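Notes for the structure review
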Amino acid sequence: MTTTEPERTGPGAPRPAPGGRSAPGQGLTWSLRGRGPEDVPVLADPGPPLGRPDGPATGRGVRVCVVDSGVERDHPLIGPLAGSWVVVKDAESGEITVEPTTTGDTCGHGTACAGIVRRTAPECEIHSVRVLGERFSGTGDVLMAGLRWAVEQGFDVINLSLSTTRTRFAQELHSLADSAYFARTVIVASAHNTPVESFPWRFASVISVGSHQEDDPELHLYNPDPPVEFFGPGQNVTVPWLGGRTIRTTGNSFATPYVAGLCARVLSAHPRMTAFQLKNALYLSAANVRHAPRPSTAAGDIRDDSEN
């Protein structure tokens, strides 16, 4: 038996996420009864042909959140942030909160990721949520809290160049990734650098990224043998680092923000695209995807291969 809760209105009622989208978990519809197509209209964006936007697409109007170690303030290759927060866990009570911060980056990793996003989508808004401490230290519950907060804010794209091997977080991460997907928040997640079981990149509701070794910094590839779906430039790449400087480094972490930036560029030109449309755009625009010609429907070109 199923029950229906009354819709809440007034103070305390759920608010739509930014951009007019429903908040995660809201607006569930299990079936259409007594309603037809005209009752559920959708204003759609067909998306770019072959996955690439028509004309210039710079990320303008797209909100990207980097969930990482923070971002160095006013790094010359990143510029000012639109917002910066930190996840804080009380040592005595264990309570976890998300608070505004001006502390910047603790180890450089988040600065590198934000710089790649900025380079790829120069006019997007970049927000930061710090879940890592010094020496890349962090815990699964703090990561979960930061990611959940970012999803609840309705960011368009979340860059997560992190994963956890703790299976006790897998179910909650899976549920959160699905909530983001249905709320049209795209989580772009880095695959682990070694062949171990980790999350959330293994979930189909996120865009998972590994790195390739090609010289072209504007090239991404589709993986015909998932769970990693896409490869971006992340080997021996130049990235921003602490102290306003740059370093050269390698890792799936640095391919991920490139793909996140591509998502921001596509969404800036086609803001109504859904998460699955965006993933398809990345597939169509991958350098190794060949587009077969459509079969001709001219008279005399149609063949019936069914058995006689």
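Keep in mind that this is a model prediction, so the values were computed, not measured.

About the criteria used
Residues numbered from 1 in each chain as written. Predicted model: local features only at pLDDT ≥ 70, side-chain atom pairs only at ≥ 80, totals over all residues. Heavy atoms only, no water. Helix = DSSP H or I, 4+ residues; strand = E, 2+ residues; numbered from the N terminus. Contact = heavy atoms within 4.5 Å. Areas by Shrake-Rupley, 256 points an atom, 1.4 Å probe, with all protein chains shown as cover. Buried < 20%, exposed > 50% of the residue type's maximum accessible area, 1.4 Å probe, protein only. Arc of directions from axis to C-beta. pLDDT = per-residue confidence, 0-100. Axes fitted to C-alpha atoms, helices over the stretch in contact; angles between N-to-C directions. Parallel < 35°, antiparallel > 145°, perpendicular 65-115°, else oblique. Left-handed = near helix turned anticlockwise from the far one by under 90°. Nonpolar A, V, L, I, M, F, W, Y, C, P; charged D, E, K, R; others polar. Salt bridge = Lys/Arg side-chain N within 4 Å of Asp/Glu carboxyl O. Core = buried A, V, L, I, M, F, W, Y, C linked by side-chain atoms within 4.5 Å. Expected span 1.5 Å × (residues − 1). Pairing = 2+ DSSP bridges. Right-handed = clockwise from strand over helix to strand, strands pointing away.

Considering the overall build of the protein chain
- Helix and strand counts for the protein chain stand at 5 helices and 11 strands.
- Sequence separation of at least 24 residues holds for 71% of the intrachain contacts in the protein chain that already meet a minimum separation of 6.
- Accessible surface, the protein chain: about 17200 Å² in total, of which carbon and sulfur atoms supply 50%.

Focus on helix 5 (residues 275-285)
- Within helix 5 the residues assigned to the buried category are A275, L278, K279, A281, L282 and S285. On an axial view of helix 5, the arc spanned by its buried residues comes to 155°, and they lie on one face.

What about the confidence of the model for the protein chain?
- Summing up the model confidence of the protein chain, the mean pLDDT is 87 and the portion of residues at 70 or higher is 87%.
- For the stretch residues 1-25, pLDDT sits under 50, and the model shows 22 contacts to residues farther than four places along the chain or on other chains.
- This model gives residues 302-308 a pLDDT under 50, and the stretch forms 1 contact once residues within four places in sequence are excluded.

Examining the packing of helix 4 (residues 252-269) against helix 5
- Helix 5 packs onto helix 4 with a crossing angle of 110° between their chain directions and a minimal axis gap of 11 Å. Relative to helix 5, the element helix 4 lies roughly perpendicular. Of the two elements, helix 4 crosses helix 5, and the hand of that crossing is right-handed. Across the interface between the two elements, V259, L262, C263, V266 and L267 of helix 4 pack against L278, A281 and L282 of helix 5.
- Partitioned by chemical class, the residues of the contact of helix 4 with helix 5 number 8 nonpolar, no polar and no charged.

Quick word on the pattern of salt bridges
- Scanning all chains against the criterion turns up 6 salt bridges.
- The partner of R265 in a salt bridge is E218, and the shortest N-O contact between them spans 3.7 Å. A residue pair is termed long-range when its members are at least 10 positions apart, and R265 in helix 4 and E218 in the loop between strand 7 (207-212) and strand 8 (221-222) qualify at 47 residues.
- With relative accessibility at 22%, the residue R265 sits in the partly exposed group.

Points about the nonpolar core
- If you look at the biggest cluster of nonpolar residues, it comprises 37 residues, and the most contacted ones within it are V157, V188 and I207.
- Counting residues per element, the ones that place at least two in this core are strand 1 (63-68), helix 1 (109-120), strand 6 (186-190), strand 7, strand 10 (237-240), helix 4 and helix 5.
- When residues in this core are grouped by element, the largest group, 10 residues, is from helix 4.
- Ranked by size, the runner-up nonpolar core spans 32 residues in total, among them C65, V129, W149 and F199.

Some points on helix 4
- For helix 4, spanning 18 residues, the distance from its first C-alpha to its last is 27 Å, which sits close to the expected 26 Å at 1.5 Å a residue.
- Burial runs high along helix 4: 15 of the 18 residues are buried.

Some remarks on the pairing of strand 6
- Buried residues dominate strand 6, accounting for 5 of its 5 residues.
- Taking every second residue as pointing to the same face, both faces of strand 6 are buried, with V186, V188 and S190 on one and I187 and A189 on the other.
- Both strand 5 (residues 157-160) and strand 6 contribute to a ladder of 4 bridges, which runs parallel. By the bridge assignment, N159 is partnered in strand 6 with V188.
- For the segment spanning strand 5, helix 3 (residues 170-182) and strand 6, crossover handedness is right-handed.
- Of the strand pairs in this sheet, strand 6 and strand 7 are connected by 3 bridges, and their pairing is parallel. Looking at the pairing, S190 lines up with V209 of strand 7.

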